Amino acid sequence: MGDKEGPVTAAVEQHAAPAARHGPPPPPGGWRRLLYPGFLRAAWMAPLFFGIGCGIVVLCRWWGGWHPIWFGEIIVLVGALIAGPIGFLAGIGAFDYWARYAIGAPTRPEDHSGHGAYSWRDYFRVNTDHKVIGMQYLATTIFFFLAAGLLAMLVRAELAKPGMQFFDNQTYNGLFSVHASLMIFLFVIPAFAGLANFVVPLMLGAPDMAFPRLNALSYWLLPIAGIMMLSSFLVPGGAFAAGWTGYAPLSVHQPMGTIFFNMGVQWAGASSIMTALNFLVTIITMRAPGMTFWRMPLLVWANFTTSLLVVIATPFIAGSQFFVMFDRVMHTHFFDTAGGGYPLGYQHIFWFYSHPAVYIMMLPGFGIASEVISTMSRKPIFGYRLMALSLMAILVLGFSVWAHHMFVSGMAPWLRVPMMVTTLLIAIPTGIKVFSWLATIWEGKINFSTPMLWALGFVSMFVIGGLSGIYLGAVPIDIHVSDTYFVVAHIHYVLFGGSLFTIFAGIYYWFPKMTGRQYDERLGKLHFWLTFIGFNLTFFPMHLIGTQGMPRRVSDYAPQFANWNLFISIASFGLGASTIVFLYNMVTSMRRGKPAEANPWRALTLEWQVSSPPPVFNFDEIPQVVGSPYEYGVPGAKHAVLNGDRAPTEVEVR
Amino acid sequence: MRRGSIVQLVLFALVASAAGVLLALLPNWLPKSASDEAGRIDFVFWFVTGICVFIFAIVAAVLAYSVLKFRAKPDDDSDGPPIHGHTGLEITWTAVPAVLVTSIAVVSAIVLAKDDAAGANPLRVDVTAQQFFWSYTYPGYGNKKSNVLRLPLDRSVVLRMTAKDVIHSFWVPEFRQKQDLVPGIHPTLHITPNKLGTYPVICTELCGLGHALMRSRVVVMEPQAFEQWATKKGP
């Protein structure tokens, strides 16, 4: 890692010694420290920008003669949810380089002062190293995963018995709304982005992402979005309580917490879009020599298709939430029938994002599963090209099915059958993937390590989630089970058994690469089995109470469902407790785990051909890619040649 | 593949399908069926269940077999056979699911068309939802109003629905029919009750504070009793 003293400041020296330390210059002393990018500067810039936001609101209202001039909700919206966060970002230095460039101050294109991590402090500043950003993403998303998981525990506590136990209705509605929003926007989507941030440039043989400063900015938008959603519990009227779907017109007439959702989605969405653009440009332009599209690992393919989905679809949810907010604060009538608005318009726009979002939350998991299953079975991935093409098929079909969320919504009745057909067609590329994974493990030499358990757990649970999706795709059945616990069961089989299981597979699989240490295998397996069993006990019975007649999003229910709900609540507490094993394993292994080899899984993809953790700029020399990444069992086959002037290492020969 | 392993795999699949069939038959998955539409919807439900048990059995058998048979020995660092694909297999597992989902789509579309058609001489009822109660109006009986939905046995009913404030959803599990009530539009729902009894009307679209308690009842009556009630003054 180089020595810790003496920052390298001259650009010439940096070029001469690329492996030298590139950490930031030490902060200046005295009052100048207040101007140095970091939390100290953010601590005064955020309030300053908040004040500017308030000033703009007051000035506009005074100018227009609108009373009251000091109007709480608009102050919160403009000051706290828009201007304040911009001040925070400016304070920590997310815009410094561009600001200097814009005002004509000298900038260095090859400035690596914000790159790499040399102490724990480097994880708490604007860092342009994709590996550091990946870790920042993962730590942040796991934090919000825990917060959202605790909210789910509160939901299950309330539902343990019929009648009202702990919360009033509005609080209860807030609990499940914030649970879902955090899990979706602050956990599943960004956790995949974090894993991909770490792994994709390494897999491509690239030194970093295409736009490292944009990458840093897109990370720092996330904590803003998450804190916004969580803090909505503290405002008068409580958290946003119209569900994560926030259907208008209900959401328009909810207490102030709703705008925390409207704006939180904007910050998280902007983060997603920037990251997706970054992935697209990185994958298109920064592949190592010889890395053709058809030699890319499937994880890269998965993130390529996911990023296309994000870039195309995310603006739609941004629009839907802006419309709701405008209806609320500017008295427009997008969804208000009295003013000529159209409530179903909200659902069409919302689901035009939110159905593709299901694939945004699933395709990266497909990629992780492909990597883990091929490596751990010691076999080439079965039908590589069809695997990549089925990702593309899901991408295209995913945009033609949104109205299957609206079969009972009152939309044009003729639209139901075409949407049912496209929905059911998605089962075909999805089936291809599942069968190809099964064919990959067939006759393999399976190593049942923790990542493999999660990957196989994913395949089995995702099949159940896919099959319950067929029930929901068939219009007559959907009419009966729509908005019941059957749907709750289905989405958890897809997003928990699918997305979360693959996130865990990815975290365990790349843990040695990320931290340079090995996790505890026994605890990893314990974590898997506790989660797997707790998950099924919690969510499988929900199918049953759903078809029998229990609607979703209720704080109270008919006595006939009391026994199952108590059972589900107890199981869910066990499921929640299994997370403690995960956290304990991560924390202790990161500190005291045994040092990891460069390639503990004997994998062929490029990230395993460098040290664990990788050097700051990933590769001392740009690798030359010469073949497929999955040639297990093919004598003499190679994916890439590294350090071409030296003899191939043992790993490459294998 | 050896003959012995095929036999084992088939055995695994049989065990998995038996487990799937038991899971489908033992719990009482669906509430009592009390309308013609419910009978048809249940048919689709069991049709899909049959296909799902079949797919689940295949996946579970292959997975369980692989987990048991292809475990690497602790000191075995060798690779598996380098199989890159098999065009025949890939075509099969594209074509077979395509046929299955097409059959589901066709059955569903036929049932949907039947469930969407009113029978002869339908009874019209206007359903209005608002936070947090239901009201029913009978235009054919001098706009008679009621807080309980009373319907005659074996007569096609057309519910014309709307909401006054936010979106609600009308669901009677025993009828299997559901429809959102949206301010500004008037979607319809068709029901032909075929069993006497009282069933719950449940709101299934989150509509605010009182959503969980937004319930009402539907009473299916003998046609003469219904006529008597409908032509009588008062509720």
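Right above here is the structure, for reference.
As the structure is a computational prediction, the values presented were derived from the model and not from experiment.

Q: How do you make sense of the nonpolar core when you look at a structure like this?
A: One recurring pattern in soluble globular proteins: nonpolar side chains tend to sit buried together. Among the nonpolar cores identified, the biggest contains 286 residues, and Leu89, Phe185, Trp437 and Trp510 of chain A together with Trp134, Leu159 and Phe170 of chain B are the most heavily contacted of them. No other element matches helix 6 (residues 169–204) of chain A, which puts 24 residues into this core. Among residues more than four places away in sequence, those in contact with Trp437 of chain A are Phe366, Ala369, Ser370, Ile373, Ile381, Met387, Phe458 and Val459 of chain A.

Q: Sorry if this is basic, but what is going on with the sheet that holds strand 9 (residues 197–203) of chain B here?
A: Within a sheet, adjacent strands bond to each other through the backbone by hydrogen bonds, running parallel or antiparallel. Residue and element names in this part refer to chain B. Spatially, the five strands line up as an open sheet ordered 4-10-9-6-7, and their pairing is mixed. The sheet terminates laterally at strand 4 (149–152) and strand 7 (177–181), the two strands that pair on one side only. The mean angle between the axes of side-by-side strands here comes to 25 degrees, regardless of whether they run parallel or antiparallel. As paired strands, strand 4 and strand 10 (residues 215–221) are joined by four bridges and run parallel to one another. By the bridge assignment, Pro152 is partnered in strand 10 with Met221. Where helix 4 (residues 223–231) meets the sheet, it contacts strand 4 and strand 10, and its direction lies at approximately 135 degrees from that of strand 4.

Q: Explanation requested: the pairing of strand 5 (residues 157–163) of chain B in the structure shown.
A: Consecutive residues of a regular strand have side chains that alternate between opposite faces of the sheet. Residues and elements named next belong to chain B. Within strand 5, six of the seven residues are buried, which leaves it mostly tucked inside the rest of the structure. Across seven bridges, strand 1 (residues 123–130) lies against strand 5 in parallel orientation. Its bridge partner lying in strand 5, Asp126 is registered against Arg160. Bridge analysis of strand 5 against strand 8 (residues 188–191) gives four bridges, and the strand direction is antiparallel. Counted as the bridge partner of Val157 is Ile191 from strand 8.

Q: Could you clarify how one ought to interpret the packing of aromatic side chains in this entry?
A: Two measures describe an aromatic ring pair: the distance that separates the ring centres and the angle between the ring planes. This model, assessed by the stated rule, comprises 81 aromatic pairs over all chains. Geometrically, the ring pair formed by Phe88 of chain A and Trp220 of chain A is tilted, given 6.3 Å between the ring centres and 55 degrees between the ring planes. Placement of the pair is Phe88 of chain A in helix 3 (residues 72–92) and Trp220 of chain A in helix 7 (residues 212–231), with a sequence separation of 132 residues. A residue is classified by how much of its surface remains accessible, and Trp220 of chain A, at 5% relative accessible area, is buried. If you follow Arg213 of chain A out to its NZ or CZ, it ends over the ring of Tyr97 of chain A, 3.5 Å from the centre. Sitting over the ring of Trp171 of chain B, Lys178 of chain B keeps its end group 4.4 Å from the ring centre.

Q: Quick question: what am I supposed to make of the interface of chain A and chain B here?
A: Contact residues are listed per partner, giving 84 residues for chain A and 78 residues for chain B. A buried area of about 7,000 Å², summed over both sides, lies between chain A and chain B, and 72% of it is on carbon and sulfur atoms. Sorting the residues of chain A by area buried against chain B places Phe435, Trp442 and His480 of chain A first, and these three jointly supply 10% of that buried surface. At the boundary of chain A and chain B, one finds four salt bridges. Where Asp77 of chain B meets Arg602 of chain A, a salt bridge forms, and the shortest distance between an N and an O atom there is 3.8 Å. One can count 21 residue pairs in polar contact (both at pLDDT 80 or more) joining chain A with chain B. The set of elements that each furnish at least two residues to the side of chain A that touches chain B consists of helix 6, helix 10 (343–360), helix 12 (384–397), helix 13 (416–425), helix 14 (427–441), helix 15 (450–473), helix 16 (475–481) and helix 18 (521–548) of chain A. The element contributing the most residues to the side of chain A that touches chain B is helix 14 of chain A, with nine residues. Looking at the side of chain A that touches chain B, its residues break down into 50 nonpolar, 22 polar and 12 charged.

Each value, and the rule that gives it
- Residues numbered from 1 in each chain as written.
- Chains lettered and ligands numbered in written order.
- Predicted model: local features only at pLDDT ≥ 70, side-chain atom pairs only at ≥ 80, totals over all residues.
- Heavy atoms only, no water.
- Core = buried A, V, L, I, M, F, W, Y, C linked by side-chain atoms within 4.5 Å.
- Buried < 20%, exposed > 50% of the residue type's maximum accessible area, 1.4 Å probe, protein only.
- Helix = DSSP H or I, 4+ residues; strand = E, 2+ residues; numbered from the N terminus.
- Contact = heavy atoms within 4.5 Å.
- Pairing = 2+ DSSP bridges.
- Axes fitted to C-alpha atoms, helices over the stretch in contact; angles between N-to-C directions.
- Phe/Tyr/Trp six-rings, centres within 6.5 Å; stacked < 30°, edge-to-face > 60°.
- Lys NZ or Arg CZ within 6 Å of the ring centre and 35° of its normal.
- Buried area = accessible area lost by both parts, 1.4 Å probe.
- Salt bridge = Lys/Arg side-chain N within 4 Å of Asp/Glu carboxyl O.
- Polar contact = N/O pair within 3.5 Å; in protein donor to acceptor, adjacent residues only side chain to side chain.
- Nonpolar A, V, L, I, M, F, W, Y, C, P; charged D, E, K, R; others polar.

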